[in-house]
Each structure stands twice: as C-alpha cells, then as structure tokens.
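Summary of the model geometry
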Amino acid sequence: RAQVFGAEFEVRKNLGAIAPSLKNFSIGANLTIVHSETDIQEDELTEIRATDNDHADTRPMYGQSPYLLNAIGSYNNDSIGLRVSASFNIAGPQLVLITPGGTPDVYDLPRPTLDLTIGKDIGERFSINFKARNLLDPDYRKVYEYQGQEYTFQNFTRGRTYSLGFSYKI
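Quick summary incoming for the structure in this document. (Residues numbered from 1 in each chain as written. Predicted model: local features only at pLDDT ≥ 70, side-chain atom pairs only at ≥ 80, totals over all residues. Heavy atoms only, no water.)

Here the focus is the pattern of salt bridges. This model, assessed by the stated rule, comprises 11 salt bridges. Between E10 and R12 there is a salt bridge, and its shortest N-O distance comes to 2.9 Å. For E10, a relative accessible area of 48% translates into the label partly exposed. Accessibility expressed as a relative area gives 70% for R12, which makes it exposed. When the shortest N-O distance is used, the salt bridge between D121 and R83 registers 3.3 Å. Of this pair, D121 sits in strand β8 (residues 113-122) while R83 is found in strand β5 (residues 82-91), placing the two residues 38 residues apart along the sequence. On the accessibility criterion, D121 (26% relative accessible area) is partly exposed. Taken together, the shared-partner salt bridges in this structure form one network comprising R1, E37 and D39. (Salt bridge = Lys/Arg side-chain N within 4 Å of Asp/Glu carboxyl O. Buried < 20%, exposed > 50% of the residue type's maximum accessible area, 1.4 Å probe, protein only. Helix = DSSP H or I, 4+ residues; strand = E, 2+ residues; numbered from the N terminus.)

On to the packing of aromatic side chains. For the coordinates displayed, the defined rule picks out 5 aromatic pairs. A ring pair is formed by F25 and Y75, whose centres lie 4.8 Å apart and whose planes are at 55°; its orientation type is tilted. In this pair, F25 sits in strand β2 (residues 25-39) while Y75 sits in strand β4 (residues 67-77), placing the two residues 50 residues apart along the sequence. Looking at F25, the relative accessible area reads 33%, which means it is partly exposed. Seen in terms of ring centroids, F130 and Y162 are 6.4 Å apart; in terms of plane orientation they differ by 20°. Their pairing is stacked. Taken together, the residues F130 in strand β9 (residues 126-133) and Y162 in strand β12 (residues 161-168) connect sequence positions 32 residues apart. Since its relative accessible area comes to 29%, F130 is described here as partly exposed. (Phe/Tyr/Trp six-rings, centres within 6.5 Å; stacked < 30°, edge-to-face > 60°.)

Have a look at this one:
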C-alpha cells in the first residue's frame, strides 16, 4: 500500500504593475508540498525492528521530496535585445537507497541551486548567450541515521559550469 498527496502553489508577476519603470522585470515562484508513504513489508519490518524497536511501519516513497521550491527573476528588454534571468531551486530530502537487513535507509539532503542566463542580440541576426550553472556549488550529501545520529554515506560537489554561445539567424 502506498499513497501520495500534496498541493502546488504558483505565483507570477510582472513588476510593471507596481511601477511603470519596472515593466521589463518579472518574478515567479512555485512551491510543491507532498506527503508520501508506503508500507514496509512485514519481513523487512521485522529485520528493521531487530535493531530499532520504535521504527515506523511506513517510509516515504522512493525519490519523493516532501517539498520543492522554484523561483525565478528575469529582465527582458526587447528594445535593446537584452535578456537576463536568475533561477533558484531546492528540493527536500529524498529516499535514495533502501537498504536490506535492517540497516538504515539513505537520504539525499536538500541542496540549493542557482543559475544565471544572460542573452544579448547584436544586430538583427547575431546573438550572444552566457550561462552560469550551479553558482552556489552545494554539497551533494547522502546520509543515514542510526540511533539518533546522522552519518554521511556520500558527499561530493559537482562544481560550477559556465558557457558562452554565439548564434546567427539565417
């Protein structure tokens, strides 16, 4: 048996409604909140409770975050051919490894990401684009908990990436 339920909220706003001088700016955000659970099979639960008497008889669904937040701010000025956007994303902890034999399950911890994109038209046919990804370069941490203490299963960073592109419209 398993169940998932949740809610999603989204807002988008062009800031020109606040002041005409902000007409080229817009913001947006999206928040998803989810509750998921699945029953742990009896034989597995017996193994788990051999080392953890109080373990619940359910667990979150594999890979399902309890929340997800996305936000974006952008500037778009067609008269000068300039586009700039910054986006932020974070997802809650996710079950990523269900371990056998009563050993603790492994969770991927939340990590914030921040990306930046800038585009500029040069004349009618050329454009240049710059992208910066993963600017915060957070730790990718996978952890498990045993007897009330958190242990690191895996920890690494992916690094930042930058790209520059040119395009020509035929």
